[in-house]
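As a plain string of letters, each chain reads:
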Amino acid sequence: MRALNSHLVLIDLHTSWHSANQIPTSTSTLTYLKNSSNFISALSSSFRRTRRARPGIVSSSRSAAPEIRRPSDRFFPGNGSPSISPNSASTSRSSELELFLELLPPRMRRELFQHEEIGELIEVVMDLGRQPLARFPSGDWVISEQPVKHEDLKHAISKVGDFSDDNRSGINNSLHRISAIRNRKMQIIGLTCRVGRAVSGSAGIIHDLVEGGGSILLIGPPGVGKTTLIRETARMLADEHRKRVVIVDTSNEIGGDGDVPHAGIGRARRMQVPNVHMQHNVMIEAVENHMPQTIIIDEIGTELEALAASTIAQRGVQLVGTAHGMAIDSIIKNPSLQILVGGIESVTLGDEEARKRKVQKTILERKGPPTFTCAVEMISKTECRVHHRLDATVDAILAGKSPLFEIRHMDADDNDSLKLTLLPEKSHIEESNMNDGKDVSSDIESDEEEVGHPPSWSKKQSTSIYVKKRSSPVCVYTSKILDADLLQVATVMGIEDEIDVTDDIGTADAILASSSEMKQNPWIRGMAKFHQLPVFVIKSNTMAQMVKAVRMIFEMESFSSVSKQPFNNLFDIEIEDDAPKRKPSLEEIDALEEVRLAIEYIVIPGGEPVELLPRRSEIIARQLELVESYQLAAENSGTELNPRLQILPQRLSKKNLPKSPKSHSSFRKEADSTRLHH
Ligand SMILES: Nc1ncnc2c1ncn2[C@@H]1O[C@H](COP(=O)(O)OP(=O)(O)OP(=O)(O)O)[C@@H](O)[C@H]1O
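Rules of the game
Residues numbered from 1 in each chain as written. Predicted model: local features only at pLDDT ≥ 70, side-chain atom pairs only at ≥ 80, totals over all residues. Heavy atoms only, no water. Helix = DSSP H or I, 4+ residues; strand = E, 2+ residues; numbered from the N terminus. Buried < 20%, exposed > 50% of the residue type's maximum accessible area, 1.4 Å probe, protein only. Contact = heavy atoms within 4.5 Å. Areas by Shrake-Rupley, 256 points an atom, 1.4 Å probe, with all protein chains shown as cover. Phe/Tyr/Trp six-rings, centres within 6.5 Å; stacked < 30°, edge-to-face > 60°. Lys NZ or Arg CZ within 6 Å of the ring centre and 35° of its normal. Pairing = 2+ DSSP bridges. Axes fitted to C-alpha atoms, helices over the stretch in contact; angles between N-to-C directions. Core = buried A, V, L, I, M, F, W, Y, C linked by side-chain atoms within 4.5 Å. Domains from an automatic or database assignment. Salt bridge = Lys/Arg side-chain N within 4 Å of Asp/Glu carboxyl O. Polar contact = N/O pair within 3.5 Å; in protein donor to acceptor, adjacent residues only side chain to side chain. Parallel < 35°, antiparallel > 145°, perpendicular 65-115°, else oblique.

(A) Representation of the overall build of the chain in the model. When helices and strands are tallied, the chain shows 24 helices and 25 strands. Considering the chain as a whole, with its 678 residues, one finds that 50% of them fall into the buried category. Sequence separation of at least 24 residues holds for 65% of the intrachain contacts in the chain that already meet a minimum separation of 6. Summed over its atoms, the accessible surface of the chain is roughly 31,700 Å², and 52% of this surface lies on carbon and sulfur atoms.

(B) Looking closely at the packing of aromatic side chains. This structure, assessed with the given rule, holds one aromatic pair. Ring centres of Phe136 and Trp141 lie 6.5 Å apart, and the angle between their planes is 75 degrees; this geometry places the pair in the edge-to-face category. The side chain of Arg385 reaches across the aromatic face of Phe405, ending 6.0 Å from its centre.

(C) Molecular detail of the sheet that holds strand β2 (residues 133-136). Spatially, β3-β2-β1-β6-β5-β4 is the arrangement adopted by the six strands of the open sheet, whose pairing is antiparallel. Edge positions in the sheet fall to β3 (139-142) and β4 (168-170), since each of these pairs with one other strand and no more. Ignoring which end each strand starts from, the neighbouring axes of this sheet average 25 degrees apart. In this structure, β4 lies alongside strand β5 (residues 177-182), joined through three bridges in antiparallel fashion. Looking at the pairing, Arg168 lines up with Ser179 of β5. Contacting β1 (123-127) and β6 (188-194), helix α7 (residues 150-158) crosses the sheet at an angle of about 50 degrees to β6.

(D) Structural context of the nonpolar core. Counting 43 residues, the largest nonpolar core has Leu512, Tyr630, Leu632 and Ile647 as its most contacted members. In terms of residue count, the dominant contributor to this core is helix α21 (residues 543-563) (nine residues). Both domains that meet at this core, namely domain 3 (428-575) and domain 4 (586-677), each give it at least three residues. If near-sequence neighbours (up to four positions away) are discounted, Tyr630 is found in contact with Val492, Met543, Ala544, Val547, Arg596, Ile599, Glu600 and Ile604. Within the second largest apolar cluster, 32 residues are counted, among which are Val246, Val273, Met283 and Ile300.

(E) Just the pattern of salt bridges, in detail. One pass over the full model with this rule turns up 28 salt bridges. One salt bridge connects Arg168 with Glu299, and the closest N-O pair in it is separated by 3.4 Å. In this pair, Arg168 is assigned in strand β4 and Glu299 in the loop between β10 (294-297) and α11 (303-314), connecting sequence segments 131 residues apart. Residue Arg168 is classed as buried on the basis of its relative accessible area of 16%.

(F) View of the sheet that holds strand β24 (residues 632-636). Taken together, the three strands give an open sheet; going across it, the order is β23-β25-β24, and neighbouring strands pair in antiparallel fashion. Each end of this open sheet is capped by a strand with a single partner; those strands are β23 (610-611) and β24.

(G) Main features of the pairing of strand β8 (residues 245-249). Most of β8 is tucked away, with five of its five residues classed as buried. The two faces of β8 match: Val245, Ile247 and Asp249 on one face and Val246 and Val248 on the other face are all buried. Pairing between β8 and β10: four bridges, direction parallel. Note on β10: the bridge partner recorded for Ile247 is Ile296. Direction of pairing for β8 relative to strand β9 (residues 269-272): parallel, over a ladder of four bridges. Paired with Ile247 across the bridge in β9 is Arg270.

(H) Focus on unusual backbone geometry. Despite not being glycine, Asn252 has its phi angle at roughly 55 degrees, a positive value. Examined against the element boundaries, Asn252 turns out to sit in the loop between β8 and β9. Here Asn252 falls in the buried class, since its relative accessible area comes to 10%. A positive phi angle is found at Met291, which is not glycine, with a value near 45 degrees. Here Met291 shows up in the loop between α10 (279-290) and β10. Since its relative accessible area comes to 55%, Met291 is described here as exposed.

(I) Geometry of the environment of Arg270. On the secondary structure map, Arg270 appears in strand β9. You can call Arg270 buried: its relative accessible area is 13%. For Arg270 and Asp259, which are eleven residues apart along the polypeptide, the C-alpha to C-alpha distance reads 9.3 Å. Arg270 has contacts with Ile247, Asp249, Asn252, Gly255, Gly256, Gly258, Val260, Pro261 and Ile265, leaving out every residue within four places of it along the chain. A polar side-chain atom of Arg270 sits 2.8 Å from a polar atom in the side chain of Asp249. Within the structure, Arg270 has its side chain in polar contact with the backbone oxygen of Gly256 (distance 2.9 Å).

(J) Spatial organisation of the packing of α10 against α11. Running from N to C, α10 and α11 point in directions that differ by 10 degrees, and their axes come no closer than 8 Å. By the angle class used here, α10 and α11 are roughly parallel. Together, Gln279, His280, Met283, Ile284 and Val287 of α10 and Leu304, Glu305, Ala308, Ala309, Thr311 and Ile312 of α11 make up the contact between the two elements.

The values reported here are purely geometric and, on their own, carry no functional implication.
What follows is the structure, given as structure tokens:
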């Protein structure tokens, strides 16, 4: 009976294709097709031939294919997901699609084959007594006017393996997922049949994160392509990076049904999970027994699984996992999964602390380090938001600030083409639009007077300055530099009210980063470019370097307002070392180290003066230069023949330069003249 149906179907299809596409079909082909096992492959290859013969049909609008029965009258509104190019469909993929279509009774199969997007089919939904639906990237489509019958469901069930306790099953040697809906008597009355595919290159969008070795959390709504992405990630790590990868495959969705995993996971090993409640046990077992370097886990959904994930991360194993949700916010709000982002606790601040931080008394804080290094929010199959530092993102969200993220697009037709785009958030655009020149200039003229340093570097690079309205403190976003150190330097320089540290890059005026951080995280440069911020790079986290950086930030501010220059072509500003141009003598090194220790351990933290050892006058001149680079004052506390320097806990500025003849420039002259006498 099935053969007869097939035969009839073929005649019907053949007639329509033949008239439209002039593809001849011979009698021998017809005889061959009477055999039902050949039916689907012949249909699909004919279909492929037809599509190749008229490529315009594939990606153009439906009206371009008049010979195909129009689905438009049965078309449901689209789900908004982008259309994925069918060009990427491989031969093995189409044979897997054949396996999938065997689930359907012939009448549905025939109808479905007429759909021009068959190569992109996502799901088939069969609910008893209702019209069967096919889901495509462009929307839902009614496969047949005839409602689904018991026999149709039985037919489909007969083609799949046993359903596990999560009501999921699969088809041997394929990646398809069949999920059942049962009535109260536990009989199956509905099926959601998802087409699974190995999409080569789909993990390109996060390849740098994968290679970086950090743990990655993928977040996205159902059907956005998380499983497909981690399957390809597993393959990439195992085959291309030769890592020992173990997949904990709870519903056999990553590695497919059957004991031999699907080729889509490459050399990665797969552990099956007897029932969903044992997922966390298998996760731990994977680490304890199989020495993995990477563990791949789909759908972390319970507290136990989240705990197991955190245990794995603590053991130094790279973890790539997925969780349902629209964004990181949904994980933070989910008490079972909170541990993945480090756990959340509420803290009650003292009155003074709350006033200082300008927050309410009870605030939310992250309890500890997150399980994952970074997080990827999947917006669609080809677009995602990357949070390079999950800890910083969580902190920003808890503080009510916008987190720092990067938006990435991948060309759907070309998996190798990855575009990294930093899209502005609305508030940021508004903020930068507000900064027009007039308001800025008057404010900064007075600032310049206050700071009083020549805008040396900015003159050379005048077009690259980000002008901001400066009635508020200069906000500095720091990367791998302690906020407390920067604030301490600002206090010493007497500008503690004029500088602020922010962890919201959208509100920053400049970025201050260490050069090692810049090397490790090149995305900072991208962020800076996007927000049009200058990056001040210090080679070492010494206070002297920080003082220089702060001074340059203020020079930038003052100059930018005076010049009213627009900002573009931003660049890194390297803070030069205080290292002398010539090789210093041991005595000089010793003398300068004495200064550094005195300033950083006594003068700045303790606010006390320090008298240094007597030195030769040219050495003292070098010491004085170093003291001044910290913006501190000093005087000669020795005698003319036996000079020694005393570092004062006083800020060096135009206003409070010591008038004493033995200090600063006068002292330098003295030192110089002493040197001349030598
Ligand atoms: N890059 C891609 N190209 C083409 N098809 C894709 C791609 N990514 C996913 N798909 C298809 O989209 C459908 C959903 O994908 P997938 O199962 O990976 O989503 P998911 O986010 O894991 O869903 P769920 O959360 O429900 O498990 C599948 O049919 C899959 O074959």
